[in-house]
Amino acid sequence: MNLRAADLTVFVFVLGVLLSGMWLAQQFGMEWSPTLLAIVAVASAVWTAYYRFGVEPRIDASRGDENARNETGVSDGAGE
């Protein structure tokens, strides 16, 4: 798997979300630990892979469908 800048962006976003969740958990008594941080990093990588291989292809397919409709003259009525 070749890594792209977009993959790094998604990873940093997901890592930030999970670290925020860790901070909230800490407010309710859970302590920081290297193990917990490692688990969060792995979970971030899994969510990044899910985005890359599960979500992104659907977004691209949706864009392709939209382009195909516009090329064949089918309109959503927004420009009329």
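As annotated in an unreviewed UniProt entry, the chain is DUF8074 domain-containing protein from Haloferax sulfurifontis.

Within the element layout of this structure, Asp7 appears in helix 1 (residues 5-27). Residue classification places Asp7 among the buried positions, given a relative accessible area of 7%. Among the polar contacts made by the side chain of Asp7, one reaches the main-chain amide nitrogen of Arg4 at a distance of 3.0 Å. In contact with Asp7, other than residues within four places in its own chain, are Asn2, Thr48 and Arg52.

Applying the stated criterion to the full structure yields one aromatic pair. Seen in terms of ring centroids, Trp47 and Tyr50 are 5.6 Å apart; in terms of plane orientation they differ by 85°. Their pairing is edge-to-face. Here Trp47 pairs with Tyr50, and both are found in helix 2 (residues 34-71), just three residues apart, close to one helical turn. Since its relative accessible area comes to 48%, Trp47 is described here as partly exposed.

Cut-offs and rules
- Residues numbered from 1 in each chain as written.
- Predicted model: local features only at pLDDT ≥ 70, side-chain atom pairs only at ≥ 80, totals over all residues.
- Heavy atoms only, no water.
- Helix = DSSP H or I, 4+ residues; strand = E, 2+ residues; numbered from the N terminus.
- Buried < 20%, exposed > 50% of the residue type's maximum accessible area, 1.4 Å probe, protein only.
- Polar contact = N/O pair within 3.5 Å; in protein donor to acceptor, adjacent residues only side chain to side chain.
- Contact = heavy atoms within 4.5 Å.
- Phe/Tyr/Trp six-rings, centres within 6.5 Å; stacked < 30°, edge-to-face > 60°.

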